[in-house]
Amino acid sequence: EKCNPFFRFLAHWPSAGSFGLNTDILATNLINLTVVVGVLIFFGKGVLKDLLDNRKQRILSTIRNSEELRRGTIEQLEKARIRLQKVELEADEYRMNGYSEIEREKANLINATSISLEQLEKSKNETLYFEKQRAMNQVRQRVFQQAVQGALGTLNSCLNTELHFRTIRAHIGILGSLEWKR
């Protein structure tokens, strides 16, 4: 009587007399399934609850992480939009400054070219003037040389030795009188 109540229950179980093969498939499977399901529910309930709780916590954690990532991504997107607007404004400013700089450089280049052209024109005019003067001087020298050669030729043809000596004496006399006056 001091036995375990489970064994006492088995003692009251009607015995078949011996072990044998139960040919009623439906009764056997139903009993086996009931026992297996009962054992699974009794022992598996805690394990299943722990698994489901762990899974629930992982899902909630993943959702929280996703929300945080979403918020971070939205913040980064807003920052990127603001940076994009700043860059677009700077690009417009650089573009406008670049156009202004190009126009300024263009005006400077036109002014420098105009000044260079004026200097070239002035230099050309000066060169033409000097070339004209040089040509005139060359013509004068040739005319003078030709006149001198013509005069020398005329004098040489007109002068004979006697006339030559008389002219020299006259000039010596003029020079002598000039020295006297001093």
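Predicted model, so just to flag it, every value in this text is computed and none were measured. (Residues numbered from 1 in each chain as written. Predicted model: local features only at pLDDT ≥ 70, side-chain atom pairs only at ≥ 80, totals over all residues. Heavy atoms only, no water.)

Asker: Hey, could you run me through the overall build of the chain in this one?
Answerer: Helix and strand content of the chain: three helices and zero strands. Of all 182 residues assigned to the chain, the portion counted as buried reaches 0%. Accessible surface for the chain amounts to roughly 17700 Å². Of this, 63% is attributable to carbon and sulfur atoms. (Helix = DSSP H or I, 4+ residues; strand = E, 2+ residues; numbered from the N terminus. Buried < 20%, exposed > 50% of the residue type's maximum accessible area, 1.4 Å probe, protein only. Areas by Shrake-Rupley, 256 points an atom, 1.4 Å probe, with all protein chains shown as cover.)

Asker: What is the right way to look at the packing of aromatic side chains in this model?
Answerer: Here a ring pair, both rings aromatic, is described through the centre-centre distance and the interplanar angle of the planes. The full count for this structure, using the stated rule, is two aromatic pairs. When the centroid spacing of 4.9 Å and the interplanar angle of 80 degrees are considered together, the rings of Phe42 and Phe43 count as edge-to-face. Judged by relative accessible area, Phe42 falls into the exposed class, the value being 63%. (Phe/Tyr/Trp six-rings, centres within 6.5 Å; stacked < 30°, edge-to-face > 60°.)

Asker: So what exactly am I meant to see when it comes to the pattern of salt bridges here?
Answerer: Once the charged atoms of two side chains with opposite charge are near each other, the side chains can pair. For the structure shown, the criterion picks out seven salt bridges. For the salt bridge of Glu67 with Arg70, the shortest nitrogen-to-oxygen distance reads 3.5 Å. You can see Glu67 and its partner Arg70 sitting in helix H2 (residues 25-158), three residues apart, about one turn around the helix. Between Asp92 and Arg95 there is a salt bridge, with its nearest N and O atoms 2.6 Å apart. Here Asp92 pairs with Arg95, and both are found in helix H2, just three residues apart, close to one helical turn. (Salt bridge = Lys/Arg side-chain N within 4 Å of Asp/Glu carboxyl O.)

Asker: Can you walk me through a nonpolar patch on the surface in this structure?
Answerer: Taken together, the side chains of Ile31, Val35, Val39, Phe42 and Phe43 define a hydrophobic patch exposed on the protein surface, amounting to about 540 Å² of accessible area. For Phe43, the location among the structural elements is in helix H2. Take Phe43: its relative accessible area is 56%, and that puts it in the exposed class. (Patch = residues over 30% accessible without salt bridge, like charges linked within 9 Å, V, L, I, M, F, W, Y side chains within 5 Å.)

Asker: I tried to follow the UniProt feature "coiled-coil region" (unreviewed entry) in the chain on my own but got confused; where do I start?
Answerer: Mapped onto this numbering, the UniProt entry annotates "coiled-coil region" (unreviewed entry) at residues 70-97. Secondary structure over residues 70-97 splits into 100% helix and 0% strand, and the C-alpha atoms at its two ends are 40 Å apart. (UniProt positions renumbered as here; feature names shortened; annotations may be inferred.)

Asker: I'm lost on the confidence of the model for the chain in this one. Help?
Answerer: Any region with low pLDDT has predicted coordinates that should not be read closely. In the predicted model, the chain carries a mean pLDDT of 80, and the fraction of residues at 70 or more is 81%. Looking across the chain, the model is least confident in helix H1 (residues 5-12), with a mean pLDDT of 49, and most confident in H2, with 86. Across residues 6-13 the pLDDT falls below 50, and counting only partners more than four positions away or on other chains, this stretch makes two contacts in the model. (pLDDT = per-residue confidence, 0-100. Contact = heavy atoms within 4.5 Å.)

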